[in-house]
Amino acid sequence: MAFEHRKYRPFTPIRKTDRRWPDQVIEKAPQYCAVDLRDGNQALVKPMNIAQKQRLFDLLVKLGFKQIEIGFPAASQPDFDFCRKLIEEDRIPEDVTIQVLTQARPELIARSYEALKGVRQAIVHVYNSTSTVQRDQVFNMDREGVKAIAVEGAREVKRVAESYPDTRWTFQYSPESFTGTELDYAVDVVDAVTEVWRPDQGQPVIINLPATVEMATPNVFADQIEWFCDRVARREHLIISLHTHDDRGCAVAAAELGLMAGADRVEGTLLGNGERTGNMDLITMAMNLYSQGVDPLLDLSGMAEIVDVVEACTEISTHPRHPYAGELVFTAFSGSHQDAIRKCMSKRKATDEVWNVAYLPIDPKDLGRRYEEVVRINSQSGKGGVALVLERDYNISLPRWLQIEFARVVQKEAEITGGEIDSHTIHSLFERDYLQVPKGWRLNTYDLHRTDEGVTARVSVGNGQRTELEGQGHGAVEALAAALEAQYGIRVAVEAYDEFALGEGTSANALACIRIQVDGKVYSAAALAEDTTSSTLQALLSAVARCVEAQAVSQKAVV
Ligand code: KIV
Ligand code: ZN
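On a predicted model such as this, the values are computed, not experimentally measured, just so you know.

Draft legend 1. Spatial organisation of the overall build of the protein chain. Scanning the protein chain for helices and strands turns up 17 helices and 14 strands. In terms of C-alpha radius of gyration, the protein chain reaches 35 Å, well past the compact-globule figure of 24 Å for 559 residues. With 559 residues in all, the protein chain has 53% of them scored as buried. Within the protein chain, contacts between residues separated by at least 24 positions form 67% of all contacts whose residues are at least 6 apart in sequence. A total accessible area of about 26,700 Å² is found for the protein chain, and carbon and sulfur atoms account for 49% of it. Between the centroid of the 61 positive side chains of the protein chain and the centroid of its 81 negative side chains there is a distance of 3 Å.

Draft legend 2. Spotlight on the packing of aromatic side chains. All chains considered together, the criterion is met by 12 aromatic pairs. Here the aromatic rings of Tyr32 and Phe65 are separated by 5.8 Å at their centres, their planes lie at 75°, and the arrangement is edge-to-face. Of the two residues, Tyr32 sits in strand E1 (residues 31-34) while Phe65 sits in the loop between helix H2 (50-63) and strand E2 (67-71), which places them 33 residues apart along the sequence. Judged by relative accessible area, Phe65 falls into the buried class, the value being 1%. Connected via pairs of aromatic rings, a cluster forms that spans Tyr113, Tyr164 and Trp169. Geometry around Tyr185 places Arg135 over its ring, the cationic atom sitting 4.6 Å from the centre.

Draft legend 3. Inspection of the coordination of the zinc ion (ligand 2) at higher detail. Taken together, Asp39 (OD), His243 (NE2) and His245 (NE2) make up the protein donors of the zinc ion (ligand 2), found 2.0 to 2.1 Å from the metal. Taken in sequence order, the residues that donate to the zinc ion (ligand 2) follow the motif D-x203-H-x1-H. Of the residues examined, His243 reaches a relative accessible area of 5% and is grouped as buried.

Draft legend 4. Fine view of the site of ligand 1. Looking at ligand 1, the residues that line it are Arg38, Asp39, Leu101, His125, Ser174, Glu176, Asn208, Pro210, Thr212, His243 and His245. One nitrogen or oxygen atom from the side chain of Asp39 is found 3.1 Å from an oxygen atom belonging to ligand 1. Within the side chain of His243, a nitrogen or oxygen atom sits 3.1 Å from an oxygen atom of ligand 1. Calculation on ligand 1 without its partners gives an accessible area of 260 Å², and the protein chains cover 95% of this total. In terms of residue class, the shell around ligand 1 is made up of two nonpolar, six polar and three charged.

Draft legend 5. Seen up close, the pairing of strand E8 (residues 265-268). Going residue by residue along E8, you find Arg265 and Glu267 tucked away on one face and Val266 and Gly268 tucked away on the opposite face as well. Across three bridges, the pairing between strand E7 (residues 238-244) and E8 is parallel. Along E8, the bridge assignment pairs Leu242 with Val266. Handedness of the crossover joining E7 and E8 through helix H9 (residues 251-260) is recorded here as right-handed.

Draft legend 6. Broad picture of the environment of Phe139. Inspection of the secondary structure assignment puts Phe139 in helix H5 (residues 132-139). Overall, Phe139 belongs to the partly exposed group, its relative accessible area being 35%. Between the C-alpha atoms of Phe139 and Ser129, which are 10 residues apart in sequence, the distance is 9.2 Å. With near-sequence residues (within four places) excluded, Phe139 lies in contact with Ser129 and Gln134.

Draft legend 7. Local environment of a nonpolar patch on the surface. Together, Val138, Phe139 and Met141 make up an exposed nonpolar region whose accessible area comes to about 250 Å². Here Met141 is to be found in the loop between H5 and helix H6 (143-161). Accessibility expressed as a relative area gives 33% for Met141, which makes it partly exposed.

Draft legend 8. A look at the domain arrangement of the protein chain. The domain architecture assigned to the protein chain consists of domain 1 (28-314), domain 2 (335-431) and domain 3 (443-558). Centre-to-centre separation of domain 1 and domain 3, based on C-alpha positions: 74 Å.

Draft legend 9. Just the sheet that holds strand E13 (residues 510-518), in detail. The strand order across the open sheet built from three strands is E12-E13-E14, with neighbouring strands paired in antiparallel fashion. On the outer flanks of this sheet lie strand E12 (493-501) and strand E14 (521-529), each paired with one strand and no other. Geometrically, the sheet is characterised by an average inter-axis angle of 10° between neighbouring strands, direction not taken into account. Of the strand pairs in this sheet, E13 and E14 are connected by nine bridges, and their pairing is antiparallel.

Draft legend 10. Up close: the pattern of salt bridges. A complete count under the given rule lists 44 salt bridges for this structure. Close ionic contact of Lys46 with Glu315 constitutes a salt bridge, the shortest N to O distance being 3.3 Å. Here the residue Lys46 occupies a position in the loop between helix H1 (36-42) and H2, and Glu315 occupies one in the loop between helix H11 (303-314) and helix H12 (335-347), the gap between them amounting to 269 residues. Shared partners join several salt bridges into a network, and the residues in it are Lys16, Asp18, Arg20, Glu226 and Asp230.

Draft legend 11. Spotlight on helix H15 (residues 423-435). Taken as a whole, H15 has its buried residues at Ser423, Ile426, His427, Leu429, Phe430, Tyr434 and Leu435. Angular distribution of buried residues about the axis of H15 spans 160°; they occupy a single face of the element.

Draft legend 12. Just the environment of Gly40, in detail. Tracing the backbone shows Gly40 in helix H1. Given the relative accessible area of 0%, Gly40 is considered buried. The contact partners of Gly40, leaving out residues within four places of it in the chain, are Val35, Thr269, Asn273 and Gly274.

Draft legend 13. Layout of the packing of helix H4 (residues 106-115) against H6. Axis separation between H4 and H6 bottoms out at 10 Å; the angle between their running directions is 35°. Where H4 crosses over H6, the two elements pack in a sense that is right-handed. Note on element contacts: H6 touches H4 through Gly153, Glu156, Val157, Val160 and Ala161, opposite Pro106, Ile109 and Tyr113. Tallied by class, residues from the contact of H4 with H6 come to six nonpolar, one polar and one charged.

About the cut-offs
Residues numbered from 1 in each chain as written. Chains lettered and ligands numbered in written order. Predicted model: local features only at pLDDT ≥ 70, side-chain atom pairs only at ≥ 80, totals over all residues. Heavy atoms only, no water. Helix = DSSP H or I, 4+ residues; strand = E, 2+ residues; numbered from the N terminus. Rg over C-alpha atoms; globule rule 2.2 N^0.38 Å. Buried < 20%, exposed > 50% of the residue type's maximum accessible area, 1.4 Å probe, protein only. Contact = heavy atoms within 4.5 Å. Areas by Shrake-Rupley, 256 points an atom, 1.4 Å probe, with all protein chains shown as cover. Lys, Arg positive; Asp, Glu negative; His and termini not counted. Charge placed at Lys NZ, Arg CZ, Asp CG, Glu CD. Phe/Tyr/Trp six-rings, centres within 6.5 Å; stacked < 30°, edge-to-face > 60°. Lys NZ or Arg CZ within 6 Å of the ring centre and 35° of its normal. Donors = N, O, S within 2.8 Å, 3.2 Å for Na, K, Ca; no water. Near = heavy atom within 4 Å. Polar contact = N/O pair within 3.5 Å; in protein donor to acceptor, adjacent residues only side chain to side chain. Nonpolar A, V, L, I, M, F, W, Y, C, P; charged D, E, K, R; others polar. Pairing = 2+ DSSP bridges. Right-handed = clockwise from strand over helix to strand, strands pointing away. Patch = residues over 30% accessible without salt bridge, like charges linked within 9 Å, V, L, I, M, F, W, Y side chains within 5 Å. Salt bridge = Lys/Arg side-chain N within 4 Å of Asp/Glu carboxyl O. Domains from an automatic or database assignment. Axes fitted to C-alpha atoms, helices over the stretch in contact; angles between N-to-C directions. Arc of directions from axis to C-beta. Left-handed = near helix turned anticlockwise from the far one by under 90°.

In structure tokens form, the structure reads like this:
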């Protein structure tokens, strides 16, 4: 059997009786380090060229990242060259610190410093794997052996830095595969490293705890972080950093819970590109903070540009459902969602300070998205969405009864085409089924005369060959209905009737909508005109025309 769950073992939970992180709330943004140009780049089918790296670096700076891991210069010539280019062409803003990764090996450490020669400030990030599986199966080493690699690396990092005294150095150590490392051993290794670096004597030190592979639920990761922070030596002098990968799809959640558990900094990439399922997505992390009213200290308002640049540099397209960034994430197709959004948006006042719209956790405008994209129509949509599109794009408001009726027309069309119905098609359908005046039925002139007995309507219909109608009733609609009943030998019952004055931006000033019943069948029509009387009379004429035409067709069928 290939699909055999019994070959896996559950992750052993951390025994903890002093768990505090569940009660914490993230109230400020962490320090961020963007690792797109290193971890992200390492994972690409086609690693970035220098121009792509420069473009992505410039974007990261523009968004407000102050720490950027720009590569692994000791392992890759293009990374070395890019590092030199940034320094020699003075492309690193004063408030930005670049970071380079190196294994804990003397020749690689030396080469990394060479790449960084002349830089104002930099983070030298040294790592070695500490997990049980790596110790046992990859390095064939015991705990002390692996710790010695870390300590030797730390010594070398410190020693070589002394030959570049003009640079402000920060040292960073990662016990790689931290999530697969026994916690007491991780603390032991890190303590040995900081014993060399002495952050308590002024050397800035970052301890980065990677979920190189995400192995358990995010609460377990938070337990690991809290346990570690409680026991590591010199905690108050350390910046504790998190570097989560997304193997179980929870990299952002793990990093968030890790911050609640005491970490200060996160590493990740824009849109989550990175090894296997990717690195923690910095955009989701920052926007999650933003949506809670916390300043993310990044400017992500130009989301379209971010997506464009990331896609151009990674040659990976963004999923349309990607949180905050995907094409469809602010779109509602479902009828009940559309209805709720429409109601909330129409109640929203320009002066409202707090965003509180159903189904939209943040205001799409904040990310440069348009409200027009929010409601899109397919066969799942209902009256609310269809009404919103007509209102939004054509200034046509429909009464509720017609919203229900017309939504069925749109739904039928969507079922036939099987896809999305755009705003233009919705309008054409409305035109076809309601607004279009049947041939020979255009209102030409009218004369309404009111006396104590009621209204007399004289109406001339058609262009060339005209039909003159005359009838009486309590109002204009009743008078014209009476005239039409006499002319065509039918009994017209007006079931629903509404008229609206239209706002600016339309050539017509009034819209009338009417539904009549003749011999148990309903016929609806709408009309746009310059005044409400004309639109009302025309709507009635069009509805009766539909009835007369339908009757003619069914009579023909009988003959
Ligand atoms: O995922 C990882 O562990 C890394 C380290 C080198 C920090 O990328
Ligand atoms: Zn990584």
